[in-house]
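Structural features, examined
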Amino acid sequence: MKKILLTLVAITFMSFNTLMADEGMWLPYSLNGQNLAQMQALGCKLTADQIFDLNKPSLKDAIVQFGGGCTGELISPNGLLLTNHHCGIGQVQAHSSLEHDYLTDGFWAYELKEELANPGLRVSFLSYVEDVTEVILKNITDEMDEETREKQIADVIKNTVSNKKGDRNVRVQIIPFYHGNQYILFEYDVYEDVRLVACPPWGIGKYGADTDNWTWPRHKGDFCIFRVYTAPDGSPATYSEENIPLKSKHHLPISLKGIEEGDYAMILGYPGSTDRYSSSQNVKLITDYQGPSLVKCRTTKLDVYRKHMDADPEVFIQYASKQAGVSNYWKYYIGQVKQLKRNKVVEKKETTEAEFTKWINQNAQRKEKYGNVLNDFQLRYEVMSKYQSALTYHIEAGLRGGEAIANSMNYIRVNNLIKEKNDYASLIERLRASSVDFFKNYNVDLDRDASIALLNLFYQDIPKELLPELIAKIGDKNNGDFTKYINKAFEKSVFTSQERLNAWFNNPKNLDKDPLFAILTSIRDSYFDILTLTNESSIVESKAARLYMQALMEMYPEKNFYPDANFTMRLTYGSVASYEPADVITYDFVSTMEGVMEKYIPGNWEFGLPNDLIELYNKKDYGEYADKDGQMIVNFITTNDITGGNSGSPVLDGEGNLIGLAFDGNWEAMSGDISFEQKVQRTISVDARFILFVIEKLGKAQNLIDEMTIIR
């Protein structure tokens, strides 16, 4: 395959002194001399081609996009794949039951035949990259209005993707960068047979749970192991007993040499979303409206989850993955709002905007082109300040609130087909199959309580003129208490009973009068009505963001404007480093088993430990995985720049060996998705030696150790 050299704008390359090396999620396929010089100064010994090459094996061939929002990496020649426990917890939960509680006890496959299939789980390997900006923007002019521009770009993207993909079994995407100033095409090989191989017990993989989440120091073994399978000819394939383990193009050796402060650290992965070039007004929307609204809704939901999960072990298994998903960004937004204020991010943005205003006023052409940008940001803020909380409640307390209500959204299309008297037989069968998975992990009592609590909150907090019509009607009739309505609705609705839903599948009828479906459609209609009120300002903001990005690049030609994260492969480099979170406080760069035991609370769902781990600690039986002082290092921190989506990313040393597994950021830098905090921003990772220690000493899975490449 011909190697494509990306023609990125020259401005994306920085001078050595304008940006600290730790900041930036770099495009690994366009590293230039200065990037490499910085990396080498920090300790990297690899060439650009050893990191990313489209013609021969390189580090990028070991990195995968795991599922819908994580990263994973190959660690053996036979498709063994490492990612985070919190990335694989959904699959572990799906295989768990009271008889086989893999969540609590862990899971270890000692032979290939014991590895567990996971229908629907996919991993994607990046195989091709091409800058297609010129193609996408060829006929775009400055005179076009924004809607025409976006439609034309969408049409060109669709045709370009279709032509590139053809009949091949690959995934092709064209992604905008720099707020639509650049477009890059990505091609992926997608593998759909991914089997669970190993998972540590809950007391290791989830140690600290909500209390420790997004904080340092941490003490957990946040890892899970899968294996990628292929058809016998090596091509991607869905699950089959005939499939064989993937023959890895490249896999990561694992180093036991340990880490010291100042050591080079590099991460490759798929960070999801940052907004580093956003306006001060966008930050205010988060701190004043979106963040507090989301936190309040999720706090209400989590309180119900915790009550039912603590009372019933079966419910705990059913809801472990769901609770983790809800709580993760619940605590994230608590921290983000707090740190955006503490780190004075609005003030930093306003300083840049003042410089921007001064710069455009120095030149008539600049003023003509960019003069409305800040006014347009302000217009968007004025509109969204009226509606942001209501939109967040529509989602968090409504469309993603109660499970049965949320699940009924999947039936909107089939209901329309029924009313239109069109063919719906195949869709009915797909829904019938998916309903089995839904009810397997569904507790009607928990969902009833959660639905009541969330709808009560919705009615109480949102102005009546912005409430869905049915929510307002029920609330008015019942003094804001949805208990009576929801209790009756749960007794009648097809969406709270597998038996009633099966009866409906056998004789499908119009769902409009189903009480939960009626709530769902009322909330959905109201949500889109409010969105309509914000559409014009959204279009205005889209153009303003694109122009602002252009202007910033012109203002600071010496600066490297790495693109915001957008679930494309990125490289970040930095060092192992301690930090000072506050005056007179210094955090070390590692945590140890001593700290694990200091937090231990017998029987506690967050800080309980497996007995086997306690015994290993008491004996100090760490094998070859202890550090030079005999300590078992558990987690460590680096200055790397990551975000959500990087979960499961490998932390590599200067030679490309695995030294850790990234899983989190730290509390003091929760504003980092919007403003990188150079002094305190850290990536938290599981030490590779702790992972191998758990696999060998606790899991007794020597078979897995034997197929890895270990650097001693």
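This write-up is about the structure you can find in this document. (Residues numbered from 1 in each chain as written. Predicted model: local features only at pLDDT ≥ 70, side-chain atom pairs only at ≥ 80, totals over all residues. Heavy atoms only, no water.)

What about the nonpolar core?
The biggest cluster of nonpolar side chains holds 215 residues, and the ones touching the most others in it are Met39, Ile51, Tyr411, Trp504, Met593 and Ile695. With 16 residues, helix H21 (residues 515-555) is the largest single contributor of residues to this core. Non-local contacts of Tyr411, meaning those with residues more than four positions away in its chain, are made with Leu431, Ser435, Phe495, Leu501, Trp504, Phe505, Leu511 and Phe517. Counting 13 residues, the second largest nonpolar core, distinct from the first, contains Val132, Ile136, Val170 and Ile174. (Core = buried A, V, L, I, M, F, W, Y, C linked by side-chain atoms within 4.5 Å. Buried < 20%, exposed > 50% of the residue type's maximum accessible area, 1.4 Å probe, protein only. Helix = DSSP H or I, 4+ residues; strand = E, 2+ residues; numbered from the N terminus. Contact = heavy atoms within 4.5 Å.)

Some words on a negative patch on the surface
On the surface, Asp145, Glu147, Glu150 and Glu536 cluster together into a negatively charged patch. Take Glu150: it is sitting in helix H6 (residues 146-165). (Patch = residues over 30% accessible without salt bridge, like charges linked within 9 Å, V, L, I, M, F, W, Y side chains within 5 Å. Areas by Shrake-Rupley, 256 points an atom, 1.4 Å probe, with all protein chains shown as cover. Salt bridge = Lys/Arg side-chain N within 4 Å of Asp/Glu carboxyl O. Lys, Arg positive; Asp, Glu negative; His and termini not counted. Charge placed at Lys NZ, Arg CZ, Asp CG, Glu CD.)

As for the side chain of Arg306
In this structure, Arg306 sits in helix H9 (residues 280-311). Using a relative accessible area of 16% as the deciding quantity, one classes Arg306 as buried. Ignoring sequence-local partners within four residues, the contact set of Arg306 consists of Phe316, Gln323 and Trp605.

A few points about the packing of aromatic side chains
Enumeration according to the criterion identifies 36 aromatic pairs in this entry. Ring plane angle 70 degrees and centroid distance 5.0 Å describe the contact between Tyr102 and Phe107, whose orientation is recorded as edge-to-face. In terms of burial, Tyr102 and Phe107 fall into one category: buried. An angle of 35 degrees between the planes, with centres 5.9 Å apart, marks the rings of Phe690 and Phe693 as tilted. Remark: Phe693 and Phe690 occur in helix H24 (residues 688-698); sequence separation between them is 3 residues, near one turn of the helix. (Phe/Tyr/Trp six-rings, centres within 6.5 Å; stacked < 30°, edge-to-face > 60°.)

Some thoughts on the state of the cysteines
Applying the stated rule across the entire model yields 1 disulfide. Put simply, Cys70 and Cys87 are joined by a disulfide, and their sulfur atoms are 2.1 Å apart. Looking along the S-S bond of the Cys70-Cys87 disulfide, the torsion reads about -85 degrees, which is the left-handed sense. In this pair, Cys70 sits in strand E2 (residues 70-74) while Cys87 sits in helix H3 (residues 85-95), placing the two residues 17 residues apart along the sequence. Grouping residues by exposure puts Cys70 and Cys87 together as buried. Cys199 supplies the cysteine sulfur nearest to Cys224, a cysteine that is in no disulfide, at a spacing of 3.7 Å. (Disulfide = S-S within 2.5 Å.)

Brief notes about the pattern of salt bridges
Two side chains of opposite charge can pair, provided their charged atoms sit close to one another. Tallied over the entire structure, the rule returns 28 salt bridges. A salt bridge links Arg227 to Glu707; its shortest N-O distance comes to 2.9 Å. With Arg227 in strand E9 (residues 224-230) and Glu707 in helix H25 (residues 702-707), this pair connects stretches of sequence that are 480 residues apart. When its relative accessible area of 17% is taken as the criterion, Glu707 is described as buried. Each of Glu115, Arg227 and Glu707 takes part in one network of salt bridges that share partners.

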